[in-house]
Amino acid sequence: MAINDPYHNEAEVAATAAAAAADNETEATADNEAEAEAEEDTGAQVDPIVKLEEVAVNTGEEDEDVILDLKAKLYRFDYDGKQWKERGAGSIKFLKHKKTERVRLVMRQSKTLKICANHFVFPNMTIKEHIGNEKSCVWHASDFADGELKAESFCIRFASVAHCKKFMETFEEVAESQNSKKENKAAALLDNLSVNDDQKGQTD
């Protein structure tokens, strides 16, 4: 003989309703995922609203040839504080002008490209190893990096001794070449004067 248990029947009904709700939720989630995939797979191409054009950037180095290009960290001496202060880390170059053949030293910071050093290399300039550090060297120059000519003392540090030596050798070679150029120019002026004097004597 069957016994009707109202509590038992209510529990079964609740369980059935919960199972049905879970099935409906699963089906709704699957439908949403299918719709999202369909939207992604449309293959439509949207043109950009604003088209950017390439702009040529003038660095001021277009008329110069690179003699040497190395990575380093530059310092300048603060005479007020009597200490070395970091100027920036980046690429330091010797640049030779294609027409005048004058050589300048230029260094820019890696990320911002801000100029850390910018000066010509003259015949009377010297460079020497920093005391106690074979990877560093020091020199003096009239620098124009800040937009005005200032007497600066620089110290530069490289990742290796080889790079430091290469930089010093190139610095000395450039200074010597500028000296030779100055001497050649003076000799040419003297030759020109001699020719003019000879022509004048013949005329007299």
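Rules and cut-offs
- Residues numbered from 1 in each chain as written.
- Predicted model: local features only at pLDDT ≥ 70, side-chain atom pairs only at ≥ 80, totals over all residues.
- Heavy atoms only, no water.
- Phe/Tyr/Trp six-rings, centres within 6.5 Å; stacked < 30°, edge-to-face > 60°.
- Lys NZ or Arg CZ within 6 Å of the ring centre and 35° of its normal.
- Core = buried A, V, L, I, M, F, W, Y, C linked by side-chain atoms within 4.5 Å.
- Buried < 20%, exposed > 50% of the residue type's maximum accessible area, 1.4 Å probe, protein only.
- Helix = DSSP H or I, 4+ residues; strand = E, 2+ residues; numbered from the N terminus.
- Contact = heavy atoms within 4.5 Å.
- pLDDT = per-residue confidence, 0-100.
- Pairing = 2+ DSSP bridges.
- Axes fitted to C-alpha atoms, helices over the stretch in contact; angles between N-to-C directions.
- Salt bridge = Lys/Arg side-chain N within 4 Å of Asp/Glu carboxyl O.

Engineer: Got a sec to walk through the packing of aromatic side chains? Specific residues and values, please.
Structural biologist: Taken as a whole and assessed by the stated rule, the structure comprises 10 aromatic pairs. With a centroid separation of 5.0 Å and an interplanar angle of 75°, the aromatic rings of Phe-77 and Tyr-79 are classed as edge-to-face. One aromatic cluster is present, formed by Phe-94, Trp-139, Phe-154, Phe-158, Phe-167 and Phe-171 through successive ring pairs. If you follow Arg-102 out to its NZ or CZ, it ends over the ring of Phe-120, 3.9 Å from the centre.

Engineer: For the nonpolar core, give the residues involved together with the corresponding values.
Structural biologist: Of all hydrophobic cores here, the largest spans 26 residues; its most connected members are Phe-94, Leu-105, Trp-139, Ile-156, Phe-158, Phe-167 and Phe-171. Where this core is concerned, the elements lending two or more residues are β1 (64-78), β2 (83-97), β3 (103-109), β4 (115-120), β6 (136-143), β7 (150-157) and α2 (161-203). The element that contributes the greatest number of residues to this core is α2, accounting for six residues. Contact partners of Phe-94, with chain neighbours within four places excluded, come to Asp-65, Val-66, Ile-67, Leu-68, Val-103, Arg-104, Leu-105, Val-121, Phe-167, Thr-170, Phe-171 and Val-174.

Engineer: Which residues make up the confidence of the model for the protein, and what are the values?
Structural biologist: Confidence in the prediction of the protein, expressed as mean pLDDT, is 80, and 62% of residues score 70 or more. Mean pLDDT values over the elements of the protein span from 54, in helix α1 (residues 6-40), up to 98, in β6.

Engineer: Could you give an account of the sheet that holds β4, with specific residues and numbers?
Structural biologist: Spatially, seven strands are ordered β4-β3-β2-β1-β7-β6-β5 in an open sheet, and the strand pairing comes out antiparallel. With one partner strand each, in any of the chains shown, β4 and β5 (127-129) form the two edges of the open sheet. Between one strand axis and the next, the sheet turns by 30° as a mean value, whatever way the strands run. Bridge analysis of β1 against β7 gives four bridges, and the strand direction is antiparallel. Across the sheet, residue Leu-74 finds its bridge partner in β7, namely Ile-156.

Engineer: Give me the lowdown on the side chain of Thr-170, citing residues and values where you can.
Structural biologist: The residue Thr-170 is located in helix α2 in this model. When sequence neighbours within four positions are dropped, the list of residues in contact with Thr-170 reads Ile-67, Leu-68 and Phe-94.

Engineer: With reference to specific residues and values, describe the pattern of salt bridges.
Structural biologist: Counting across every chain of the model gives eight salt bridges. A salt bridge links Asp-78 to Lys-85, with the shortest nitrogen-to-oxygen separation between them at 3.1 Å. With relative accessibility at 12%, the residue Asp-78 sits in the buried group. Residue class for Lys-85 comes out partly exposed when judged on its relative accessible area of 37%.

Engineer: How would you summarise unusual backbone geometry if you had to cite specific residues and measurements?
Structural biologist: In this structure, Lys-82 takes a positive phi of about 55° despite not being glycine. For Lys-82, the location among the structural elements is in the loop between β1 and β2. A relative accessible area of 69% places Lys-82 in the exposed class. The backbone of Leu-113 sits at a positive phi, close to 65°, despite the residue not being glycine.

Engineer: Quick rundown of the pairing of β3? Include the residues and the values.
Structural biologist: Here is the key point about a regular strand: its side chains alternate between the two faces of the sheet. Most of β3 is tucked away: five of the seven residues are buried. Alignment of β2 against β3, held across seven bridges, turns out to be antiparallel. Bridged to Lys-93 within β3 is Val-106. Direction of pairing for β3 relative to β4: antiparallel, over a ladder of five bridges. Note on β4: the bridge partner recorded for Leu-105 is His-119. What sits between the antiparallel neighbours β3 and β4 is a turn of five residues, in which Leu-113 has the positive phi angle 65°.

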